[in-house]
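Remarks on the overall topology
Given next are the chains, with one letter for each unit.
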Amino acid sequence: MSAESSPKIVIVDESPIRAAILEEGLREAGFTGVVHISEMQSLLARIYALDPDVILIDLENPSRDVLEQMFQVSRAVRRPIAMFVDQSDAASIQASVDAGVSAYIVDGLKKERIKPILDLCISRFNAFSKLQDELDRTKSALEERKVIDRAKGILMKVKGLTEDEAYVLMRSTAMREKKKIGEIAQSILTASELLK
Amino acid sequence: MTTPLHIGFIPLVDAAALIVAVDKGFAAAEGLDVTLVREVSWSNVRDKLNIGLFDAAHLLAPVAIASSLGLGHVKVPIVAPFNLGLNGNAITVSPSLHAAIMGEIEGDAIDPMATALALARVVAIRRKNGAEPLTFGMTFPFSTHNYQLRFWMAAGGVDPDEDVRLVVLPPPYMVDSLANGQVDAFCVGAPWNSVAVDLGVGYILHFVSDILVRAAEKVLAVRQDWSDKNPEVLAALIRAASRAAQFIEQPENRIEAARILAKPEPPPNSRLLRLRE
């Protein structure tokens, strides 16, 4: 594939998983020249050395401000670099900010050639946050389960209850106090820690 | 009826008026339900204000001007009706650059002109010896920090574009970068200069207020179109910020204000905790 058909893309992201998901998507779509930078030290030097056509950076990355410098210090860059977003791109910038990613392109690269890259980037970033949310939910559900089990154990020991009775007691207390069962379990753990 | 507002900020001491306005209930008393959103870069604050995800923002004063003029980015007219801070920046240098400047100084080290002239001599010596140009960290292309560094060194005859390197660094990375030699000096706001001094990796060469008096640092920024549509909400927000600023200004409230600012956990990428460990 010639350079004309496959622009050189740099992904600046400290999350290796998200970067891998994006990189894979770009490769599948035929963009072969993809480089991932995860190390933020001497970021600009690496970017200048790679000389990319497109730079994608996640919005959680404080080094985004470092990239902004490239538009001011033209002496150090071989080609002027401009933001992808211009006045007419309100929808694109909105979608990319919502997804948590920002794109920069080298001036002169045609907009219609960038559109599919950015669209892909947005959808992969959204997919990643969905995965992340699910993972967080699963983790906290697991965590809550552990807390409930430990609280059950304490009630069984202290009050001489069976496992079922201990659970029913926590559940009815939760309903009465309009709290989650996990919160009741946590208070039992806290109280028992204090009373030790 | 309360008005919900989303306000973006960068965790710096000069966001205090906004943080205290929310924490002490000055905003709520004005009928504002403010959600403060912590950001990691000025680019994010600017973009989210521009596209309307934020109603208002804690913003570098020069970014408000650049955004209104369309410099370096999309043109979005910004109104900055309230100053969140005057001055507050300092120039901190590494121990070795400090020693070099002190070795060349003629006159008083608290005189910025004397240090600027000494810096010019240090730069000339380094060039003669074939050393790498000195690197100065600052926070954003459109920042007071950038302009203040330039103003100071240019006064001594150092060309900021030719004789040294000026690089953008996110404030939480400043101290780390000074410690590991990535930069020889930086200009940044509180608390990062004090952090460098506490850790023994830097000397505060000048408070920028010694170089330029009453420089507008951060502003409360809103979009012009938003301000045209919501003049009363904006007035309420200004009143809340103003009450918060008056509260902070009372010496007896300083400790409480500091506690309020210290409340939120550091941003995920903060290197501060790692340094302190």
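Residues numbered from 1 in each chain as written. Chains lettered and ligands numbered in written order. Predicted model: local features only at pLDDT ≥ 70, side-chain atom pairs only at ≥ 80, totals over all residues.

Let us look at the overall build of chain A. Each helix and strand counted, chain A has seven helices and five strands in total. Looking at chain A as a whole, 31% of its 196 residues qualify as buried. Taking contacts inside chain A between residues at least 6 apart in sequence as the whole, the part at least 24 apart equals 62%. (Helix = DSSP H or I, 4+ residues; strand = E, 2+ residues; numbered from the N terminus. Buried ≥ 20, exposed ≤ 12 C-beta atoms within 10 Å, placed from the backbone. Contact = placed C-beta atoms within 7 Å.)

Under the present numbering, the feature "modified residue: 4-aspartylphosphate" (unreviewed entry) in UniProt falls on Asp58 of chain A. Apart from residues no more than four positions distant in its own chain, Asp58 of chain A is found in contact with Asp13, Ser15, Arg18, Gly100 and Val101 of chain A. (UniProt positions renumbered as here; feature names shortened; annotations may be inferred.)

With 22 residues of chain A at the contact, the number on the chain B side is 24 residues. For the side of chain A that touches chain B, the residue count by class is nine nonpolar, seven polar and six charged. (Nonpolar A, V, L, I, M, F, W, Y, C, P; charged D, E, K, R; others polar.)

Residue and element names in this part refer to chain B. Read across the sheet, five strands follow the order E2-E1-E3-E10-E4 without closing on themselves; strand pairing throughout is mixed. With one partner strand each, in any of the chains shown, strand E2 (32-38) and strand E4 (78-83) form the two edges of the open sheet. Across the sheet, the axes of successive neighbouring strands diverge by a mean angle of 30°, strand direction being ignored. (Pairing = 2+ DSSP bridges. Axes fitted to C-alpha atoms, helices over the stretch in contact; angles between N-to-C directions.)

Judged by nonpolar contacts, the single largest core of 114 residues is most densely connected at Leu56 of chain A together with Leu18, Ala21, Phe186 and Ala221 of chain B. With seven residues, the top contributor of residues to this core is helix H1 (residues 16-23) of chain B. Aside from chain neighbours lying at most four places away, what touches Ala21 of chain B is Phe26, Ala27, Ala240, Ala241 and Ala244 of chain B. (Core = buried A, V, L, I, M, F, W, Y, C linked by C-beta atoms within 7 Å.)

Residue and element names in this part refer to chain B. Taken as a whole, chain B is organised into domain 1 (3-86 + 217-276) and domain 2 (90-210). Mapped by element, the contributors of at least two residues to the side of domain 1 that touches domain 2 are helix H4 (61-69) and helix H13 (272-276). Here the side of domain 1 that touches domain 2 gets four residues from one element, more than from any other, and that element is H4. (Domains from an automatic or database assignment.)

Turning to the packing of helix H6 (residues 163-176) of chain A against helix H7 (residues 181-194) of chain A, a few remarks are in order. In helix packing, the relevant descriptors are the interaxial angle and the interaxial distance, both defined with respect to the helix axes. Residue and element names in this part refer to chain A. Between H6 and H7, the shortest axis-to-axis distance is 8 Å and the interhelical angle comes to 110°. Between H6 and H7, the crossing angle belongs to the class labelled roughly perpendicular. With respect to the hand of their crossing, H6 and H7 are arranged in right-handed fashion. Across the interface between the two elements, Met170, Arg171, Thr173 and Ala174 from H6 touch Ile181, Ile184 and Ala185 from H7. Residue classes in the contact of H6 with H7 are distributed as five nonpolar, one polar and one charged. (Parallel < 35°, antiparallel > 145°, perpendicular 65-115°, else oblique. Left-handed = near helix turned anticlockwise from the far one by under 90°.)

All names here are of chain B. Relative to strand E7 (residues 165-168), strand E6 (residues 135-138) runs parallel, the two being bridged by four bridges. Bridging from a neighbouring strand, Gly137 pairs with Val167 of E7. A crossover connection joins E6 to the parallel E7 through helix H7 (residues 144-155); in handedness this β-α-β unit is right-handed. (Right-handed = clockwise from strand over helix to strand, strands pointing away.)

The next point concerns the sheet that holds strand E5 (residues 90-93) of chain B. All names here are of chain B. Strand order in the open sheet made by the five strands is E7-E6-E8-E5-E9, with mixed pairing throughout. Edge positions in the sheet fall to E7 and strand E9 (203-207), since each of these pairs with one other strand and no more. Within this sheet the neighbouring strands show an average axis-to-axis angle of 25°, counted without direction. Here four bridges tie E5 to strand E8 (residues 185-188), and the two strands are oriented antiparallel to one another. The partner of Ala90 across the bridge, within E8, is Val188.

Residues and elements named next belong to chain B. Where burial is concerned, most of strand E10 (residues 218-223) is hidden: six out of the six residues are buried. Alternating residues of E10 divide into Lys218, Leu220 and Val222 and Val219, Ala221 and Arg223, and every residue in both groups is buried. The pairing of strand E3 (residues 56-60) with E10 spans four bridges and is antiparallel. By the bridge assignment for E10, His58 is matched with Leu220.

All names here are of chain B. Counting buried positions over the nine residues of helix H8 (residues 171-179) gives eight, a clear majority of the element. When H8 is considered as a whole, its buried residues turn out to be Pro171, Pro172, Tyr173, Met174, Val175, Asp176, Ser177 and Leu178. Following H8 by one or two positions, Gly181 adopts a phi angle in the positive range, close to 80°.

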